[in-house]
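# Inside the fold
So the chains spell out like this:
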Amino acid sequence: MFFEGFTLEHREANGQRIRMRRGGSGPPLLLLHGNPQTHAMWHKLAPTLARRFTVIAPDIRGYGFSAKPPAMPDSAGMAKRAMAQDLAALMTDLGHERFTVVSHDRGARVAHRLALDHPARVERLCTMDIIPTLAHFERTTMEFALGYYHWFFLAQPHDKPERMILRDVEDWFDLHTSREPKDRSFFHPEARADYLAALREEGTVRSICEDYRAAVGIDLEHDRASRAAGQKVQCPLLALWGAKGSISKWYEPLAIWRDYASGEVTGGGVNSGHYLAEEAPEEVLIWLGRFLS
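Residues numbered from 1 in each chain as written. Predicted model: local features only at pLDDT ≥ 70, side-chain atom pairs only at ≥ 80, totals over all residues. Heavy atoms only, no water.

## As for the pairing of strand S5 (residues 99-104)
- Where burial is concerned, most of S5 is hidden: 6 out of the 6 residues are buried.
- Because side chains alternate across S5, one face comprises the buried residues Phe99, Val101 and Ser103, and the other comprises Thr100, Val102 and His104, equally buried.
- Bridge count for strand S3 (residues 28-32) against S5 is 4 bridges, and the pairing is parallel. From the neighbouring strand, leucine 32 faces S5, where its bridge partner is serine 103.
- The pairing of S5 with strand S6 (residues 122-128) spans 6 bridges and is parallel. (Buried < 20%, exposed > 50% of the residue type's maximum accessible area, 1.4 Å probe, protein only. Helix = DSSP H or I, 4+ residues; strand = E, 2+ residues; numbered from the N terminus. Pairing = 2+ DSSP bridges.)

Pasting the structure below:
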C-alpha cells in the first residue's frame, strides 16, 4: 500500500497552503523531500517510521501541491529562510514545539536553514546527499559544474529555463533524475505520477527555478551572515550520501559538516545513487534506527 495508514491533507502555515501526509504516533518526525519531487519520495520509509513516530511529510513551498510564490527580483519567495519558516509554523500549528528532521536534496538545504534559524526547535537532523550550499560554491570545480550543471542552468534569469523545461516536462524529469542511469520503472508508479502531476501544476517549474536562483543569491547572503555570526547546527547531525553518486568523490562530507555543526556529526555512504530513500530504503532505515534511538 502507498502510505498505508496516513492521511492526506492541506493546512495553512505562515500564510502558505501546504499539502502533507501524516501518520503514526510518538515523537514528531518531519520528512523533507528534494527536487523535482514531492513528499511521495518517502513512501518506502514513512510507514516503518510511523511505528515509532508521528510522521509529518509535507510538500515544501513551491513544490508538489503546496503554495507557489511568484517570481521576485531577489527570488526571496523561495529563500530557504522563508521555506524553513513555513515548516516551523506548520509544526507549531500541529502542536510540536520540538521535532526531528530527516531530509533529502533541496529539502535538506531547507532543513539546514531550519536548524540555524530555529535551533531550539530541531532536536536531531539527518541530511541526505548534500553538503552545505555555501561549501559547494566555495569549492566549485569543473567536475562540480559539469556534474551539477542543473544548478547553473536553473538559476538563469526568469523565465529562460522555465520555457525550456515546459516544452516537455516529462522528458526533462527523466533527464534530470538520471545522474546515475535508470529507467522509468525506478520510481514507484504512484510516486512518479505524483511528481509529474506536480510539475505540470501552474507555478511549480517557476518555483523550482526560483529555488535555484535563490541559492546563488539571497541564500548565500543568509549563509554568509550565519557563518560570520558563528551560527552552526547545534543538534546531533547524521549526514548520509549515495556511495554511487558524486558527494564522496568530490568531498569529505563529514569533515565539511563538522565545520558547520557544533554538535556531534556522524554518517556515511549508502549503497545507492542520489535517491537514497527510494533505492536503498532498508539501509537508510538502519542508519535512522541507530540515530533516532
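## What to know about the environment of glutamate 143
- Along the chain, the position of glutamate 143 falls in helix H5 (residues 142-147).
- Each C-alpha atom of the pair glutamate 143 and phenylalanine 186 lies 26 Å from the other, and the pair is 43 residues apart in sequence.

## Section: the pattern of salt bridges
- Applying the stated criterion across every chain yields a total of 25 salt bridges.
- Two residues, arginine 19 and aspartate 194, come together in a salt bridge whose shortest N-O distance is 2.7 Å. You can see arginine 19 sitting in strand S2 (residues 16-24) and its partner aspartate 194 sitting in helix H9 (residues 189-200), a full 175 residues away along the chain. For the pair arginine 19 and aspartate 194, a shared accessibility class is recorded, and that class is buried.
- Two residues, glutamate 97 and arginine 121, come together in a salt bridge whose shortest N-O distance is 3.7 Å. Here glutamate 97, found in the loop between helix H2 (80-93) and S5, pairs with arginine 121, found in the loop between helix H3 (105-117) and S6; they are 24 residues apart in sequence, far enough to count as distant.
- Under the relative-accessibility criterion, arginine 121 is labelled buried at 12%. (Salt bridge = Lys/Arg side-chain N within 4 Å of Asp/Glu carboxyl O.)

## So, the pairing of S2
- As judged from the 7 bridges shared by strand S1 (residues 7-13) and S2, these two strands associate in the antiparallel manner. Of the residues in S2, the one forming a bridge with glutamate 12 is arginine 17.
- Remark: 2 residues form the turn of the hairpin made by S1 and S2, two consecutive strands paired antiparallel; asparagine 14 in that turn has positive phi of roughly 55°.
- Bridge analysis of S2 against strand S4 (residues 54-58) gives 5 bridges, and the strand direction is antiparallel. Paired with methionine 20 across the two strands is proline 58, which belongs to S4.

What is shown is where atoms sit, not what they do.
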